[in-house]
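# Coordinates in review
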Amino acid sequence: LFGGRINTDPASEYSHRLKGTGFADANYYANNFNDVASGMVVCFELLVVNNWQVLTEGFVAVTGPWARLFFLAYYLLVVVVVSNLAISFVIDAVMDQLKDDETETKLSDGTCIVGHTAVFNAEVLTGTRTSLTGKWQAYVTGSFTPDEGERLIKDLFSTKRQIVRMDMARGGL
């Protein structure tokens, strides 16, 4: 379709058509479909919307106005549709991974830990002697095993009120 039309050969019928265009002024002669590698570079430049209007101007000059249809179709199909689908798959995979990291853990006292959030009944917690009643929620930063999470919640409301220290890499309450 476009192969061999973009060149600097003075004997070529196409090279004189490029003179005076933005394509020639920008010295974009290497951006062509003369071989597979160059074609892939042009397609990548179109994908990232890098001066696509200059590229289009050069190809329109050597082929005709119908070449704009190719570049418009490429933009609509690849840039708008395919790249958005690829990005949505990546985002979906990341969200699934984050969801998997937030496994629900039920503790013996009824406390439920999901990800970094613990929901507990203050009256039921072992060692609790406060006037707190009902369900409460605590946000725990860091990454803990269920046993560590249970200990942190219980220590938070215990009458002995131990100070829980966690190293900086693991976080704390």
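Please refer to the structure higher up on the page.
Quick summary incoming for the structure in this document. What you see is a predicted model, and the numbers here were worked out from it, not measured in a lab.

### Side note on the nonpolar core
The biggest cluster of nonpolar side chains holds 18 residues, and the ones touching the most others in it are Ile6, Leu18, Phe23, Tyr29, Leu46, Leu55 and Phe59. Of all elements in the fold, only helix H2 (22-25), helix H3 (36-47), helix H4 (52-63) and helix H5 (67-101) reach the threshold of two or more residues within this core. Examining the composition of this core, we find that five residues originate from one element, H4, more than from any other. Those residues in contact with Tyr29, other than ones at most four positions away along the chain, are Ile6, Asn7, Thr8, Leu18, Phe23 and Ala24.

### A short note on the environment of Val119
Considering the arrangement of structural elements, one finds Val119 in strand E3 (residues 117-121). You can call Val119 partly exposed: its relative accessible area is 31%. Distance in space between the C-alpha atoms of Val119 and Lys106 is 9.8 Å, their sequence separation being 13 residues.

### Quick word on the packing of aromatic side chains
Tallied over the entire structure, the rule returns 14 aromatic pairs. Centroid distance Trp52 to Tyr75: 6.0 Å. Interplanar angle 20°. Geometry classified as stacked. In this pair, Trp52 is assigned in helix H4 and Tyr75 in helix H5, connecting sequence segments 23 residues apart. Residue class for Trp52 comes out partly exposed when judged on its relative accessible area of 32%. By relative accessible area, which is 31% here, Tyr75 ends up partly exposed.

Basis of the calculations
Residues numbered from 1 in each chain as written. Predicted model: local features only at pLDDT ≥ 70, side-chain atom pairs only at ≥ 80, totals over all residues. Heavy atoms only, no water. Core = buried A, V, L, I, M, F, W, Y, C linked by side-chain atoms within 4.5 Å. Buried < 20%, exposed > 50% of the residue type's maximum accessible area, 1.4 Å probe, protein only. Helix = DSSP H or I, 4+ residues; strand = E, 2+ residues; numbered from the N terminus. Contact = heavy atoms within 4.5 Å. Phe/Tyr/Trp six-rings, centres within 6.5 Å; stacked < 30°, edge-to-face > 60°.

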